[in-house]
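So the chains spell out like this:
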Amino acid sequence: MHGGKGGSNTEAIVVLRVLRVVRVLKLARHSKGIIIVTKTLTSSINELALLLFFWFIGVIIFGSVMYYIEYSFDNNSDFSSILQSSWWAVVTMSTVGYGDMVPKSGWGKLVACVCMMFSMIIIALPVTVIVSKFTRVYAKYKDKI
C-alpha cells in the first residue's frame, strides 16, 4: 500500500478479508428471494440491454446538443467539452442531479427538460416488462418456497 517491506503482508491480509466477504455470497444460493431476483434478471437480459443501449444513445445525443447550445451561449460555460456535457447527461438521465453543471440559456434548459423526460420514458418502459417477468417467476417459485 505505502511501499516498503510490510506492504505485501498488509495487502495479503486485505485480500484474505475480501475473500471472506465473497464466501458470504455463497449463502445467496440458499435465499429464495435472491434466487427469484436472479432468475428474473437473467430472463430480462434483452430488456436490460435495450435499456442500456437507449440510455447510452441518449447520453451521447443530449451531451452533444447541450455542449453546442451552452458553449455557443457562453464560452466560459461549465459545458466546456462534449465529454463534460456527457457527464451532465449521465447525471441528469440517472435522476441523480448533482447540480454541479446546470444550463444557463433558455434553449439549454429546454434541452434539459427533454433529456429528463426522455430518461423517464426509457427507464419506465422496460421496467414494466421486468416487473411482469418478476411476477411470473415469483408465481412459479412460490410453491417451492
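Residues numbered from 1 in each chain as written. Predicted model: local features only at pLDDT ≥ 70, side-chain atom pairs only at ≥ 80, totals over all residues. Heavy atoms only, no water.

1. A short note on the overall build of the chain
Then step 1. Helix and strand content of the chain: five helices and zero strands.
Then step 2. Taken over the C-alpha trace, the chain has a radius of gyration of 22 Å; the compact-globule value for 145 residues is 15 Å, which it surpasses by more than 25%.
Then step 3. Projected onto its principal axes, the C-alpha coordinates of the chain cover approximately 60 × 55 × 20 Å.
Then step 4. When the 145 residues of the chain are sorted by exposure, 26% land in the buried category.
Then step 5. Contacts in the chain between residues at least 24 apart in sequence constitute 62% of all its contacts with a sequence separation of at least 6.
Then step 6. Of the roughly 10400 Å² that the chain leaves accessible, carbon and sulfur atoms contribute 69%. (Helix = DSSP H or I, 4+ residues; strand = E, 2+ residues; numbered from the N terminus. Rg over C-alpha atoms; globule rule 2.2 N^0.38 Å. Buried < 20%, exposed > 50% of the residue type's maximum accessible area, 1.4 Å probe, protein only. Contact = heavy atoms within 4.5 Å. Areas by Shrake-Rupley, 256 points an atom, 1.4 Å probe, with all protein chains shown as cover.)

2. So, the nonpolar core
Then step 1. Residues V59, F62, M66, F79, W88, A89, M93, M101, V111, A112, C115 and I122 constitute the largest nonpolar core, which totals 12 residues.
Then step 2. Elements with a minimum of two residues in this core: helix 3 (45–73), helix 4 (82–93) and helix 5 (106–142).
Then step 3. The leading source of residues in this core is helix 5, at four residues.
Then step 4. The contact partners of A112, leaving out residues within four places of it in the chain, are M66, W88 and P103. (Core = buried A, V, L, I, M, F, W, Y, C linked by side-chain atoms within 4.5 Å.)

3. Thoughts on the pattern of salt bridges
Then step 1. One pass over the structure, following the stated rule, counts one salt bridge.
Then step 2. Here K133 makes a salt bridge to E47, at a shortest N to O gap of 3.3 Å. Of this pair, K133 sits in helix 5 while E47 is found in helix 3, placing the two residues 86 residues apart along the sequence. Pair check on accessibility: K133 and E47 agree, each one buried. (Salt bridge = Lys/Arg side-chain N within 4 Å of Asp/Glu carboxyl O.)

4. Quick look at the packing of helix 2 (residues 32–43) against helix 3
Then step 1. One way to put it is that helix 2 packs onto helix 3 with a least axis distance of 5 Å and a crossing angle of 65 degrees. Within the contact between the two elements, helix 2 uses L41, T42 and S43 and helix 3 uses I45, E47 and L48.
Then step 2. Taken together, the residues of the contact of helix 2 with helix 3 sort by class into three nonpolar, two polar and one charged. (Axes fitted to C-alpha atoms, helices over the stretch in contact; angles between N-to-C directions. Nonpolar A, V, L, I, M, F, W, Y, C, P; charged D, E, K, R; others polar.)

5. Quick word on the packing of aromatic side chains
Then step 1. In this structure the tally under the stated criterion is seven aromatic pairs.
Then step 2. Here F62 and F118 contribute two aromatic rings whose centre-to-centre distance is 5.6 Å and whose plane-to-plane angle is 55 degrees, an arrangement assigned as tilted. A residue pair is termed long-range when its members are at least 10 positions apart, and F62 in helix 3 and F118 in helix 5 qualify at 56 residues.
Then step 3. According to the relative accessible area criterion, F62 is buried, its value standing at 10%.
Then step 4. Judged by relative accessible area, which is 28%, F118 ranks as partly exposed.
Then step 5. An angle of 20 degrees between the planes, with centres 6.1 Å apart, marks the rings of F134 and Y138 as stacked. Of this pair, F134 and Y138 both sit in helix 5, four residues apart, roughly one helical turn.
Then step 6. Accessibility expressed as a relative area gives 34% for F134, which makes it partly exposed. (Phe/Tyr/Trp six-rings, centres within 6.5 Å; stacked < 30°, edge-to-face > 60°.)

6. Some remarks on helix 3
Then step 1. Taking 1.5 Å per residue as the helical rise, helix 3 with its 29 residues ought to reach 42 Å, and the 41 Å between its terminal C-alpha atoms agrees with that figure.
Then step 2. Burial in helix 3 covers these residues: E47, L51, G58, V59, F62, G63, S64, M66, Y67 and E70.
Then step 3. On its buried side, helix 3 packs onto helix 2, helix 4 and helix 5. (Expected span 1.5 Å × (residues − 1).)

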